[in-house]
Amino acid sequence: MLAVAVLAAGKGTRMKSALPKVLQPLAGATLVERVLASCEILAPQRRLLILGHQAERVQATLEHLPGLEWVLQQPQNGTGHAVQQLLAPLAGFDGDLLVLNGDVPLLRPDTLAVLLARHQASGAAVTLLTARLADPSGYGRVIADPDGAVHAIVEHRDCNDEQRRINLINAGIYCFNWEKLAAVLPELSADNDQGELYLTDTVAMLSPAMHVEVADAAEISGINDRLQLAQGEAVLQQRLRDHWMREGVSFVDPGSCTLSEGTRFGRDVMVEPQCHFRGTNTIGEGCRIGPGCLVEDTTLEAGVEVLHSVLRGAVVGARCSVGPFAQLRPGAVLAEGCRIGNFVEVKASTLAAGVKVNHLSYIGDADLGADVNVGAGTITANYDGVRKHRTVIGAGSKTGANSVLVAPITLGVGVTVGAGSTLTRDVPSGSLALGRAPQRIKDNWPGPQP
Ligand code: UD1
Ligand code: CA
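Residues numbered from 1 in each chain as written. Chains lettered and ligands numbered in written order. Predicted model: local features only at pLDDT ≥ 70, side-chain atom pairs only at ≥ 80, totals over all residues. Heavy atoms only, no water.

Participant: Report on the overall build of the chain, specifying residues and quantitative values.
Facilitator: Helix and strand content of the chain: eight helices and 40 strands. For 450 residues, the compact-globule formula gives about 22 Å, and the C-alpha radius of gyration of the chain, at 31 Å, lies well above that figure. Each of the three principal axes of the chain carries a C-alpha extent, and together these read 105 × 55 × 45 Å. Among the 450 residues that make up the chain, the fraction classed as buried is 47%. For the chain, the proportion of contacts with a sequence separation of at least 24, taken over those separated by at least 6, is 40%. About 20,700 Å² of surface is accessible on the chain, with carbon and sulfur atoms providing 52% of the total. Put simply, the chain has 38 plus and 46 minus side-chain charges, and the middle of one group is 11 Å from the middle of the other. (Helix = DSSP H or I, 4+ residues; strand = E, 2+ residues; numbered from the N terminus. Rg over C-alpha atoms; globule rule 2.2 N^0.38 Å. Buried < 20%, exposed > 50% of the residue type's maximum accessible area, 1.4 Å probe, protein only. Contact = heavy atoms within 4.5 Å. Areas by Shrake-Rupley, 256 points an atom, 1.4 Å probe, with all protein chains shown as cover. Lys, Arg positive; Asp, Glu negative; His and termini not counted. Charge placed at Lys NZ, Arg CZ, Asp CG, Glu CD.)

Participant: Account for the pattern of salt bridges, with residues named and values stated.
Facilitator: This model, assessed by the stated rule, comprises 13 salt bridges. One salt bridge connects Arg47 with Glu40, and the closest N-O pair in it is separated by 2.9 Å. Assessed through its relative accessible area of 17%, Arg47 is described here as buried. Bridged by salt links that share partners, the residues Arg108, Asp216 and Glu219 form one connected network. (Salt bridge = Lys/Arg side-chain N within 4 Å of Asp/Glu carboxyl O.)

Participant: Which residues make up the sheet that holds strand β16 (residues 281–283), and what are the values?
Facilitator: With parallel pairing, the nine strands of this open sheet are ordered in space as β13-β16-β19-β22-β25-β28-β31-β34-β37. Each of the sheet's edge strands pairs with one partner strand only, and the pair in question is β13 (263–265) and β37 (409–411). Bridge analysis of strand β22 (residues 315–316) against strand β25 (residues 332–334) gives two bridges, and the strand direction is parallel. Across the sheet, Val315 pairs through a bridge with Val333, a residue of β25. (Pairing = 2+ DSSP bridges.)

Participant: Go over the coordination of the calcium ion (ligand 2), please, and point to the residues and values.
Facilitator: Ideal values for angles at a metal depend on the geometry: 109.5 degrees with four tetrahedral donors, 90 or 180 degrees with six octahedral donors. Protein coordination of the calcium ion (ligand 2) is provided by Asp103 (OD) and Asn224 (OD1), with donor distances spanning 2.5 to 2.7 Å. Separated by 121 residues along the polypeptide, Asp103 in the loop between β6 (96–101) and α4 (109–122) and Asn224 in the loop between β11 (209–213) and α8 (226–246) bring together distant segments of the chain. In terms of burial, Asp103 and Asn224 fall into one category: buried. (Donors = N, O, S within 2.8 Å, 3.2 Å for Na, K, Ca; no water.)

Participant: Please provide a residue-by-residue account of the side chain of Asn281, values included.
Facilitator: With respect to the secondary-structure elements, Asn281 resides in strand β16. Residue class for Asn281 comes out buried when judged on its relative accessible area of 1%. Only 2.9 Å separates the side chain of Asn281 from the backbone nitrogen of Asp297, close enough to count as a polar contact. The residues touching Asn281, leaving out its near neighbours within four places in the chain, are Ser260, Gly262, Thr263, Arg264, Val295, Glu296, Asp297 and Thr298. (Polar contact = N/O pair within 3.5 Å; in protein donor to acceptor, adjacent residues only side chain to side chain.)

Participant: Explain the domain arrangement of the chain to me, and be specific about the residues and the numbers.
Facilitator: Structurally, the chain comprises domain 1 (2–225) and domain 2 (227–433). Distance between the C-alpha centres of domain 1 and domain 2: 46 Å. If you look at the interface, domain 1 gives 14 residues, while domain 2 gives ten residues. Around 1,100 Å² of area is buried between domain 1 and domain 2 when both sides are counted, 55% of it from carbon and sulfur atoms. Contact with domain 2 buries surface across domain 1, with Ala27, Leu106 and Asp225 losing the most and accounting together for 45% of the total. Counting the contacts that link domain 1 with domain 2 gives one salt bridge. Residue Arg34 is joined to Glu261 by a salt bridge in which the shortest nitrogen-to-oxygen separation is 3.0 Å. On the surface where domain 1 and domain 2 come into contact, there are seven residue pairs in polar contact (both at pLDDT 80 or more). Breaking the side of domain 1 that touches domain 2 down by element, the ones donating at least two residues are β2 (25–26) and α1 (31–38). Partitioning the side of domain 1 that touches domain 2 into residue classes produces seven nonpolar, three polar and four charged. (Domains from an automatic or database assignment. Buried area = accessible area lost by both parts, 1.4 Å probe. Nonpolar A, V, L, I, M, F, W, Y, C, P; charged D, E, K, R; others polar.)

Participant: Go over the site of ligand 1, please, and point to the residues and values.
Facilitator: Taken together, 23 residues are adjacent to ligand 1, and Gln73, Gly78, Thr79, Glu155 and Asn170 come closest. Within the backbone of Ala9, an N or O atom sits 2.9 Å from an oxygen atom of ligand 1. Separating a nitrogen atom of ligand 1 from a side-chain N or O atom of Gln73 is a distance of 2.7 Å. For ligand 1, the protein covers 89% of the area, taking 760 Å² as the surface of the free molecule. Among the cavities detected, the one that contains ligand 1 is the largest pocket. Mapped by element, the contributors of at least two residues to the shell around ligand 1 are β1 (2–8), α3 (79–84) and β10 (168–177). Of the residues that constitute the shell around ligand 1, the class distribution is seven nonpolar, twelve polar and four charged. (Near = heavy atom within 4 Å. 1 Å grid on protein atoms, 1.4 Å probe; cavity = no way out; pocket = protein on both sides within 12 Å on 5 of 7 lines; lining within 4 Å. Sits in = over half its atoms within 2 Å of the grid points.)

Participant: Describe helix α2 (residues 55–62), and please don't skip the residues or the numbers.
Facilitator: Among all positions in α2, only Ala55, Val58 and Leu62 are buried. Taken end-on, α2 shows its buried residues confined to a sector of 70°, consistent with a single buried face. In α2, the exposed positions that point more than 90 degrees away from the buried face belong to Glu56 and Ala60. Summarising the contacts, the buried residues of α2 are in contact with β3 (29–30), α1, β4 (46–51) and β5 (68–72). (Arc of directions from axis to C-beta.)

Participant: Give me the lowdown on the nonpolar core, citing residues and values where you can.
Facilitator: By size, the foremost hydrophobic cluster in this structure holds 49 residues, and its most contacted members are Ile289, Val316, Leu328 and Ile340. Looking at this core, the elements that each hand over two or more residues are α8, β15 (275–278), β18 (293–296), β25, β31 (366–368) and β37. (Core = buried A, V, L, I, M, F, W, Y, C linked by side-chain atoms within 4.5 Å.)

Written out as structure tokens, the structure is:
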């Protein structure tokens with residue numbers, strides 16, 4: 001049996017934020033969500049979250065995750081005090097307890113699996129994750145034998161000069177035999193520099209205590225301030241880019257692009273510099289994106305080209321071309337082979353195959369049939385000040401430059417709209433619609449005087 005407890009009650013003073021530290025975002029997910037995700041492969045029977053500072057806010061953010069038990073720590077009197085709060089909910093629990101710090105979000109699931117396997121194989125009372133750091137300052141130092149037996153952990157601020165030189169540090173990740181830990185938890189004392197109850201003090205009270213050293217120290221970085229937050233983001237971004245490059249995606253300048261965990265790429269996608277992917281995206285095979293794009297919650301089918309554009313909540317059919325300087329907003333659904341050019345905005349509209357909107361247009365709340373050609377500067381006037389209305393344009397129609405289509409309005413199939421028209425009434429199929437003042441000529445006009 002395995003229970004996981006995540007310590008997430010602390011305030012995170014060093015972050016200097018209105019947001020509780022564990023809710024700070026990293027590559028699109030909060031710190032604590034990342035910590036919870038990292039232990040999923042262990043399939044724990046119980047998942048307990050220790051909350052304190054802004055507990056309601058943290059709980060509300062995580063409510064969507066199934067199977068979490070909420071444990072309140074009030075006040076927050078240290079990591080040992082936090083784990084003491086488990087004595088009631090885990091009374092009679094027979095198994096191991098994995099304790100994770102809520103601010104250590106870069107852990108690889110495999111690392112936790114190794115920790116648990118070593119702990120169970122050795123039968124230790126506690127096994128903790130450690131790392132050797134060139135600069136161990138701030139971390140608890142681990143006093144251990146060369147064979148891996150641990151005697152004690154001393155917090156940085158409680159170290160003497162000799163202990164401060166130890167570069168083996170406590171990662172804040174522990175596997176405990178719960179029964180043995182529960183027996184010593186009530187004996188913790190606050191006899192330290194911070195006057196708090198330290199979970200780390202239980203290590204000296206338990207035997208045998210062992211440690212497992214991680215190879216990649218970046219994994220166990222604790223996030224305490226904005227600098228570490230930015231460093232953590234960089235680590236995650238690099239992992240995501242490396243993963244997709246191995247899967248067959250090309251990045252011209254990887255370091256200039258950011259990805260989200262929810263973005264999936266097909267093979268032979270080419271990502272040019274300065275492209276950013278947020279939320280949930282599916283990018284089809286052979287797409288070429290960038291430079292300079294923001295793509296969020298969007299699907300691109302195979303062979304789409306996007307240049308210097310913003311796409312949010314859009315679906316773009318195969319071999320479409322978007323940009324430069326276009327914006328696709330939520331509900332823009334383009335069938336294959338459409339062409340969206342510069343300074344064009346499309347929102348909540350369906351474009352059938354082969355539609356061209358090449359220059360300076362707003363297409364909102366509209367349905368365009370196949371091969372419609374939208375002239376430069378054509379606008380769907382969808383809003384009457386109170387409500388939005390739809391525009392329907394039949395297949396093969398062509399609007400002249402600077403047309404205004406005042407919705408609700410329907411243009412039939414194969415309609416031609418003269419340039420500069422403002423149309424307020426439906427247009428039957430196969431006709432020409434003109435809605436502009438006729439041109440007048442005055443002969444012998446003097447013109448501007450010098
Ligand atoms: C802790 C360890 C230190 C280790 C480091 C690794 C202790 C005493 N020290 O130090 O040995 O090297 O992590 O990153 O454990 N929390 C609570 N309730 C509290 C206090 C803290 O839930 O009363 C939570 C925090 O929200 C945080 C975690 O425990 O997620 C760690 O607390 P933090 O104050 O950051 O501990 P460190 O000083 O970093
Ligand atoms: Ca910390």
